Amino acid sequence: MSDLEINQQLQEALQAFRDPETGRSVIATGQVGDFSVSDGRISFRYSITSLLKPISEEIIERLKSLITSRIPGVKEISIRLENLHKPPVPIGQIGLKAKAVIAVAAGKGGVGKSSLAASIALTLEKMGAKVGLMDADVYGPSIPHLLGLDGRPEIVDGKIQPKLCGSMPVMSMGFLLEKNQAVVWRGPMLHGSITQFLRDTDWGELDYLIIDMPPGTGDVALTLSQLLPLTGAVIVCTPQEVALLDAGKAIAMFEKTKIPILGVVENMSGFTDPETGKTYDIFGRGGARAKAEELQVPFLGEVPIQIALRRESDEGRLAEALQDPVLSKPFEAVCRGVVRSVAASFAQHAQSAALPVLSL
Ligand code: ADP
């Protein structure tokens, strides 16, 4: 096949490739360009937003396999990734500038939900996305402790300035309470605080706002769903039967409030002895995957018990602990799963928005 023919077929193949964020053809959006075909070697540019950065490698692999399956005789494909700046449009009645809002929830306390919410936020940021973290676990806000953040947030021009963990904005009720102070929340007060956290905090422009939800109850989920369109919920559970039952209840609760389930994560799934390398399944293993299959929701991955993770987060050093590639590897896999689910949900919306309206 001549280079000219290859180029023509390449354009046709790319016409069929949809950008995972917009669901539109990458040719139509102008995200691919600067084509060169010479002696069977293809090269072009693909501009990608920071929202998709965590899965950029697999998008490139998908592109390459589409091209090789469609065009015989291609010797080499080189795709240059470039940054595409596409700011979020303000969402909900409160005008939050975030492309995806993700609730991290659990059916019961102590399964590692807050650790997972913070680790997902930190890892998505490390993988190239713009992320904010909101602690809506108003009954037991533990995000400030995990990240070693404290002190009262400042107010500048009427906006609450979030605390920064590195460059990631973080907001928590824990910043406003005295240590060990208990709060009894009445419905309207809870609604008011959550609204204020979302509306009056200077979040900037985000790809992902990760929200650490209180365990079990549905009131915060209800408030959130009234304020903005939540992209979906990530459910955290441990492999024990009782945790799995509670996870099932949490999933049912979200489905009732019409919040989509992005997937289930199994935390504390096995323990590998750092001395011997031997793995022990302390709470069992694989239950969350089976539960996800049963309920037909995506399974996002397993996070093993890691002693260093517990030790470092108890000392407020979770962000530092995740610099260790061994500790962060399972979270990277979970984050790729989350981004895949978010992209699938965007694509579904784009498709239903593109459905023609029948005029009768
Ligand atoms: P929850 O928000 O569900 O109540 P936390 O995130 O506060 O749970 O975690 C409870 C405890 O378990 C914390 O001490 C935390 O450091 C520890 N922990 C959570 N996940 C892991 C893990 N994968 N390995 C080791 N310790 C963990």
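Each chain carries its own residue numbering, running from 1 in the written order of its sequence. Reporting in this predicted model follows two pLDDT cut-offs: at least 70 for local features of residues, and 80 or more for side-chain atom pairs to be given and counted; totals over whole chains, interfaces and linings ignore these cut-offs and use all residues.

## A word on the pairing of strand S2 (residues 41-48)
Rules: Strand pairing is defined by DSSP finding a minimum of two bridges between the two strands. A run of DSSP states H or I qualifies as a helix once it reaches four residues; a run of E qualifies as a strand once it reaches two. Both are numbered from the N-terminal end. A clockwise course of the path from the first strand over the helix to the second, judged with the strands pointing away from the viewer, identifies a crossover as right-handed.
As paired elements, strand S1 (residues 32-38) and S2 share 5 bridges and run antiparallel to each other. Residue pairing in the sheet places Gly33 in a bridge with Arg45 of S2. Joining the antiparallel neighbours S1 and S2 is a turn of 2 residues, in which Asp39 adopts a positive phi near 55°. Read from S2 through helix H2 (residues 56-70) to strand S3 (residues 76-83), the crossover connection turns out right-handed.

## Things to note about the domain arrangement of the protein
Note the following rule: Domain extents, as shown, originate in an automatic or database domain assignment. We call two residues in contact when their backbone-placed C-beta atoms lie within 7 Å. By the convention adopted, Pro, Cys, Tyr, Trp, Phe, Met, Ile, Leu, Val and Ala count as nonpolar, Lys, Arg, Asp and Glu as charged, and the other residues, Gly among them, as polar.
The domain architecture assigned to the protein consists of domain 1 (3-83) and domain 2 (98-336). Look at where the C-alpha atoms of domain 1 and domain 2 centre, and you get two points 35 Å apart. Counting residues at the interface gives 5 residues for domain 1, matched by 9 residues for domain 2. When its residues are assigned to classes, the side of domain 1 that touches domain 2 shows 3 nonpolar, 1 polar and 1 charged.

## Points about the environment of Gly174
Note the cut-off: Here a residue counts as buried when 20 or more other C-beta atoms fall within 10 Å of its C-beta, as exposed when 12 or fewer do, and as partly exposed in between; the C-beta atoms come from the backbone.
Looking at the secondary structure, you find Gly174 in the loop between strand S9 (168-172) and helix H5 (187-199). The exposure class assigned to Gly174 is buried, which follows from the 21 C-beta atoms found within 10 Å. Sequence-wise, Gly174 and Gln161 are 13 residues apart; in three dimensions their C-alpha atoms are separated by 14 Å. Residues contacting Gly174, with those up to four places away along its chain left out, are Asp135, Pro141, Ile143 and Pro144.

## Looking at unusual backbone geometry
Although it is not a glycine, Asp157 sits at a positive phi angle of roughly 50°. Within the secondary structure layout, Asp157 lies in the loop between strand S6 (155-156) and strand S7 (159-160). The phi dihedral of Gln296 falls on the positive side, at around 55°, and the residue is not glycine. Here Gln296 shows up in the loop between helix H8 (287-295) and strand S14 (299-305). Under the C-beta neighbour-count criterion, Gln296 is labelled exposed, with 7 such atoms within 10 Å.

## Let's talk about the sheet that holds S1
So the rule is basically this: Interaxial angles span 0 to 180 degrees and are taken between N-to-C directions of axes, which are lines fitted to C-alpha atoms, for helices over the stretch in contact.
The strand order S1-S2-S3 describes an open sheet built from 3 strands, whose pairing is mixed. Each having just a single partner strand, S1 and S3 make up the two edges of the open sheet. Going across the sheet, the axis of each strand differs from the next one's by a mean of 15°, ignoring polarity. Contacts from helix H1 (residues 3-15) reach S1 and S2 within the one sheet, and its direction differs from that of S1 by about 150°. On top of the sheet, H2 reaches S2 and S3; it is set at about 145° to S3, its chief contact.

## A closer look at the site of the ligand
Put simply, the rule reads: As a rule, any residue with its backbone-derived C-beta atom within 6 Å of a molecule or strand is reported as near that molecule or strand.
Around the ligand sit 18 residues in total, of which Gly112, Lys113, Ser114, Ser115 and Arg310 are the nearest. Every element with two or more residues in the shell around the ligand is listed here: helix H3 (113-126), strand S12 (261-272), S14 and helix H9 (307-314). For the shell around the ligand, the leading source of residues is H9, giving 4 residues. Of the residues in the shell around the ligand, the class split is 6 nonpolar, 9 polar and 3 charged.

## Regarding H8
We apply this condition: By construction, the arc corresponds to the directions joining the helix axis to the C-beta atoms.
For H8, the complete set of buried residues consists of Ala288, Lys291 and Ala292. The arc enclosing the buried residues of H8, seen along the axis, measures out at 100°, which places them on a common side. Residues of H8 that are exposed and point over 90 degrees away from its buried face: Glu293 and Glu294.

## Let's talk about the packing of H5 against helix H6 (residues 219-227)
The angle between the axes and the distance between the axes are what describe a pair of packed helices. Quick note on the threshold: In what follows, roughly perpendicular refers to angles from 65 to 115 degrees, roughly parallel to angles under 35, roughly antiparallel to angles over 145, and oblique to any angle outside these ranges. In this scheme the crossing of two helices becomes right-handed for a clockwise turn of the near helix relative to the far one and left-handed for an anticlockwise turn of less than a right angle.
Two elements in contact, H5 and H6, have axes whose closest approach is 10 Å; the angle formed by their N-to-C orientations is 50°. One way to sum up the angle between H5 and H6 is to call them oblique. As H5 packs across H6, the resulting crossing turns out to be right-handed. On H6, the residues that touch Gly187, Leu190, His191, Ile194, Thr195 and Leu198 of H5 are Asp219, Val220, Thr223, Leu224 and Leu227.

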